[in-house]
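Structural overview for review
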Amino acid sequence: MLALQGAFAAHASIIESLGVATIEVRTKEQLQTVDALVMPGGESTTMSMLLERSGMLDPLRYRLNDGLAVLGTCAGMILLAVDVLDGRADQHSLGAIDLTVRRNGYGRQIASFEADLDIVGIDEPFHAVFIRAPVVERAGPGVEVLAMVDGQPVLCREGAVTVAAFHPELAGDDRLHRSWLADAGLISI
Ligand code: GLN
């Protein structure tokens, strides 16, 4: 769990319940020890600043280039995208998935909403909670879109990087974590 800020605890309890040990990553030394990384929801501008201060930006870029399996949700999705619209000018992008995302792109009225998603590879609908979520405005040709809401991608994968605009850890449903851990080779299903 990237544990600089945000909603990492709920992810950790789901992953632990699936039999995979987790640690809270706050230093570059801890980052070197993990087999996969969750970048949780929270506030991408704050997480960006804390990544810089902790000296983790470049080590994280290096591990992402090297194929580290990562699940980024909401703020995590924003940090992992190539292009961020409506971000802070000094906000860092890790450029690990070829998306253009707009921060808080769902606007004020529907800043938070819920939707039942049809997800590629998951049989029954998945109840998704969106909280001041980013909108994916562009997905590059190498990106697989695994779920959409109103024609916009909300769950995407490119190589070892999976990102969700929503909060899968709040659904009371471990299927997304289960399939991500299986893709990462950490559990078998
Ligand atoms: N709007 C937040 C951001 O810009 C993301 C919200 C979330 O992670 N739930 O980082």
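Structural notes, computed from the coordinates. (Residues numbered from 1 in each chain as written. Predicted model: local features only at pLDDT ≥ 70, side-chain atom pairs only at ≥ 80, totals over all residues. Heavy atoms only, no water.)

1. Topic: helix H3 (residues 44-53)
Because each turn of an α-helix spans 3.6 residues, side chains separated by three or four positions in sequence point in the same direction. Counted only if it meets this: Using a 1.4 Å probe on the protein chains alone, a residue whose accessible area is under 20% of its type maximum counts as buried, one over 50% counts as exposed, and one in between counts as partly exposed. Helical segments are the DSSP runs of H or I of at least four residues, strand segments are the runs of E of at least two, and each set is numbered from the N terminus. Summarising the geometry, the arc corresponds to the directions from the helix axis toward the C-beta atoms. In this analysis, two residues are considered to be in contact whenever any of their non-hydrogen atoms come within 4.5 Å of each other.
Those residues of H3 that sit buried are Ser44, Thr45, Met47, Ser48 and Leu51. For H3, the angular spread of buried residues about the axis comes to 165 degrees, placing them on one side. Its buried side turned inward, H3 meets helix H4 (57-65) and helix H5 (75-80). Gly55 sits one or two positions beyond H3 and adopts a positive phi of about 75 degrees.

2. Focus on the nonpolar core
Heads up, the rule is: What makes a nonpolar core is a set of buried Ala, Val, Leu, Ile, Met, Phe, Trp, Tyr and Cys residues whose side-chain atoms join them at distances within 4.5 Å.
Among the nonpolar cores identified, the biggest contains 50 residues, and Leu99, Phe130 and Phe166 are the most heavily contacted of them. Counting residues per element, this core draws most heavily on H5, which supplies five residues. Grouped together as the second largest cluster of nonpolar side chains are 15 residues, Phe8, Ile14, Val20 and Ala36 included.

3. Things to note about the packing of aromatic side chains
The criterion, for reference: Two aromatic rings from Phe, Tyr or Trp, using only the six-membered ring of Trp, form a pair when their centres are within 6.5 Å; if the ring planes differ by under 30 degrees the pair is stacked, by over 60 it is edge-to-face, and anything between is tilted.
Tallied over the full model, the rule gives five aromatic pairs. Relative to Phe130, the ring of Tyr106 has its centre 6.0 Å away and its plane inclined at 65 degrees; by these criteria the two rings are edge-to-face. Residue Tyr106 is found in the loop between strand E4 (97-102) and strand E5 (112-117), and its partner Phe130 is found in strand E6 (residues 126-131); the two are separated by 24 residues along the sequence.

4. Brief notes about the site of the ligand
Condition: One heavy atom within 4 Å of a molecule or strand makes the whole residue count as near it. Any pair of nitrogen or oxygen atoms within 3.5 Å is treated as a polar contact; in protein, a donor-acceptor pairing is required on top of that, and neighbouring residues in sequence qualify only through side-chain atoms on both sides. What sets the accessible areas is the Shrake-Rupley method with a 1.4 Å probe; for residues, cover comes only from the shown protein chains. The nonpolar class holds Ala, Val, Leu, Ile, Met, Phe, Trp, Tyr, Cys and Pro. Asp, Glu, Lys and Arg form the charged class, and all remaining residues, Gly among them, are polar.
With respect to spatial proximity, the complete set of residues near the ligand consists of Gly41, Gly42, Glu43, Ser44, Cys74, Ala75, Ile78, Arg103, Asn104, Ile131, Arg132 and His167. Residue Gly42 places a main-chain N or O atom 2.9 Å away from an oxygen atom belonging to the ligand. Contacts to the ligand include His167, whose side-chain N or O atom sits 2.8 Å from a nitrogen atom. Protein coverage of the free-state accessible area of the ligand, which is 300 Å², stands at 96%. Classifying every residue of the shell around the ligand by side-chain character gives four nonpolar, five polar and three charged.

5. Some points on the sheet that holds strand E3 (residues 81-85)
Threshold: Between any two strands, pairing holds if DSSP finds at least two bridges. For helices, the axis comes from a line fit to the C-alpha atoms of the stretch in contact; other axes are also lines fit to C-alpha atoms, and the angle between any two N-to-C directions lies between 0 and 180 degrees.
Spatially, E3-E4-E7 is the arrangement adopted by the three strands of the open sheet, whose pairing is mixed. The open sheet has two free edges, formed respectively by E3 and strand E7 (135-139), since each of these has just one partner strand. Ignoring which end each strand starts from, the neighbouring axes of this sheet average 25 degrees apart. In the sheet, E4 pairs with E7 via four bridges, with the strands oriented antiparallel. From the neighbouring strand, Arg102 faces E7, where its bridge partner is Val135.

6. Quick notes on the environment of His167
Structurally, His167 is set in the loop between strand E10 (161-164) and helix H6 (175-183). Separated by 53 residues in the primary sequence, His167 and Glu114 have C-alpha atoms spaced 9.9 Å apart.

7. Observations regarding the sheet that holds strand E2 (residues 69-73)
In a beta sheet, neighbouring strands are held together by backbone hydrogen bonds and run either parallel or antiparallel to one another. Pairing is mixed in the open sheet, where five strands are placed in the order E1-E2-E10-E9-E8. Since the sheet does not close on itself, it has two edges, and those belong to strand E1 (36-39) and strand E8 (144-149), each with one partner. Neighbour-to-neighbour, the strand axes of this sheet turn through a mean angle of 15 degrees, independent of strand direction.

The values reported here are purely geometric and, on their own, carry no functional implication.
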